[in-house]
Amino acid sequence: MLYQKPVEVIPHVFSAIGATAPPTYENSGHNNNLSFIVTGEGVVVINGGAAYGLARALHDEIKGITDEPVVLVINENGQGHAMLGNNYWAEQGVPIVAHVDAAAEFAAYGPQILENMKRYNRDKSEGTELQGPTETFEDVYTVELGAFLIEARYLGPAHSPGDIVVWLPRQSMVISGDVAFHERMLPIFEHTYTAEWIETWDTAFEPLGATYVIPGHGHPTNMDQVRRYTKDYLVYLREQVGAHLEAGGGLEDAYYVDQTPYTHLDTFEELATKNAGRVFEQMEFE
């Protein structure tokens, strides 16, 4: 069910890179990155996966790499591809950690998220049941295993409620989740507040100074690339919409503000107009 098998990004840190397209039967909903750290004292998995079978497939790959047991799962947010595989990990007796806001999001919308997954995944959804995190945190959740200090950090509002990053300070690596994008256009949801996301980036994400970035979607990269396609895109789109507002433009035309510098990104066709409309609706009342 995995879109791609895990690759070793830096020593002992692996990621199974998902499709940058929307979730489909063909990609099994594996359209985000499923990462794990082989610490020497147990494996820490980042993201439960979009289905029971997908979590099991990831575990099978982990078993082929190491004899160490999985000792912790961290959900990067409350979306389906982060949490719908949780019940597989719970069956293995593995603790599951998420931000309190992500847990609340999944508790509120989990049934709808599960039904949406079943529609596209059909038989591949077999075995998937709703399972939230077994433990939550508000600011930082820290675990030290082997050579790794692993910090799950809530940096502030970003893409969706309870978005966190996993920071490995000794390796200068951040597993950024949906705080950072680069190969696919980021989606702006109704609850994505772009001004706050930019502030989180400037005050908390950028100061990490990470050398290596595993984003929520797309291949491992660096800070320059995710800055270019996350913060810089948000700033650019707000500038375009702001100019449209100053010129007296309305929502109907706001959908078509210029976004040509980003047309090469995956999911541009699906998301660009929606993003512009949502930014217009936000900025109209700022």
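Look up: the structure comes first, before these words.
Just so it is clear, the structure is predicted and the values come from calculations on it, not from any experiment.

Digging into the overall build of the protein chain
Step number 1: For the protein chain, the helix and strand inventory stands at eight helices and 12 strands.
Step number 2: A compact globule built from 286 residues would reach a C-alpha radius of gyration of about 19 Å, and the protein chain, at 18 Å, matches this within 12%.
Step number 3: The C-alpha extent of the protein chain, read off along each of the three principal axes, is 60 × 40 × 30 Å.
Step number 4: Across the 286 residues in the protein chain, those meeting the buried criterion constitute 58%.
Step number 5: Sequence-distant contacts, at least 24 apart, represent 67% of the contacts inside the protein chain between residues at least 6 apart.
Step number 6: Summing over all exposed atoms, the protein chain offers an accessible surface of approximately 11,800 Å²; the carbon and sulfur share of this is 48%.
Step number 7: When the 16 basic and 41 acidic side-chain charges of the protein chain are each reduced to a single mean position, those positions are 5 Å apart.

Some points on the packing of aromatic side chains
Step number 1: Across all of its chains, the model carries 10 aromatic pairs by this definition.
Step number 2: Considering the side-chain rings of Phe137 and Tyr141, the 6.1 Å spacing of their centres and the 45° angle between planes classify their relative orientation as tilted. Comparing Phe137 with Tyr141 shows no difference in burial state: the two are buried.
Step number 3: Centroid distance Phe181 to Trp197: 6.4 Å. Interplanar angle 65°. Geometry classified as edge-to-face. In this pair, Phe181 is assigned in the loop between strand S11 (173-177) and helix H5 (194-205) and Trp197 in helix H5, connecting sequence segments 16 residues apart.
Step number 4: Here the guanidinium or amino end of Arg122 rests over the ring plane of Tyr25, the centre of that ring lying 4.0 Å away.
Step number 5: The side chain of Lys124 reaches across the aromatic face of Tyr25, ending 4.3 Å from its centre.

Notes on the nonpolar core
Step number 1: By size, the foremost hydrophobic cluster in this structure holds 38 residues, and its most contacted members are Val174, Met185, Trp197, Phe205 and Leu237.
Step number 2: Breaking this core down by element, the ones donating at least two residues are strand S10 (165-168), H5, helix H6 (223-246) and helix H8 (268-283).
Step number 3: Excluding its chain neighbours within four sequence positions, the residues that come into contact with Val174 are Val165, Val166, Trp167, Phe205, Leu208, Ala210, Tyr212, Val213 and Ile214.
Step number 4: Among the nonpolar cores identified, the runner-up in size contains 32 residues, and Phe14, Leu34, Ala50 and Val73 belong to it.

Overview of the packing of H5 against H6
Step number 1: The interhelical angle for the contact between H5 and H6, taken along N-to-C directions, is 145°, at an axis separation of 10 Å. Considering only the axes of H5 and H6, their crossing is left-handed. Contacts between H5 and H6 involve Thr194, Ala195, Trp197, Ile198, Trp201, Asp202 and Phe205 from the first element and Met223, Val226, Arg227, Thr230, Lys231, Leu234, Val235 and Arg238 from the second.
Step number 2: Split by residue class, the contact of H5 with H6 holds nine nonpolar, two polar and four charged.

Describing the sheet that holds S10
Step number 1: If you trace the five strands from one edge of the open sheet to the other, you get S8-S9-S10-S11-S12, paired in mixed fashion. Every interior strand has two partners, whereas the edge strands, strand S8 (140-145) and strand S12 (212-215), have only one. The mean inter-strand angle of the sheet, taken between neighbouring strand axes irrespective of direction, is 15°.
Step number 2: Note that S8 and strand S9 (residues 148-153) share six bridges and pair antiparallel.

Calculation criteria
Residues numbered from 1 in each chain as written. Predicted model: local features only at pLDDT ≥ 70, side-chain atom pairs only at ≥ 80, totals over all residues. Heavy atoms only, no water. Helix = DSSP H or I, 4+ residues; strand = E, 2+ residues; numbered from the N terminus. Rg over C-alpha atoms; globule rule 2.2 N^0.38 Å. Buried < 20%, exposed > 50% of the residue type's maximum accessible area, 1.4 Å probe, protein only. Contact = heavy atoms within 4.5 Å. Areas by Shrake-Rupley, 256 points an atom, 1.4 Å probe, with all protein chains shown as cover. Lys, Arg positive; Asp, Glu negative; His and termini not counted. Charge placed at Lys NZ, Arg CZ, Asp CG, Glu CD. Phe/Tyr/Trp six-rings, centres within 6.5 Å; stacked < 30°, edge-to-face > 60°. Lys NZ or Arg CZ within 6 Å of the ring centre and 35° of its normal. Core = buried A, V, L, I, M, F, W, Y, C linked by side-chain atoms within 4.5 Å. Axes fitted to C-alpha atoms, helices over the stretch in contact; angles between N-to-C directions. Left-handed = near helix turned anticlockwise from the far one by under 90°. Nonpolar A, V, L, I, M, F, W, Y, C, P; charged D, E, K, R; others polar. Pairing = 2+ DSSP bridges.

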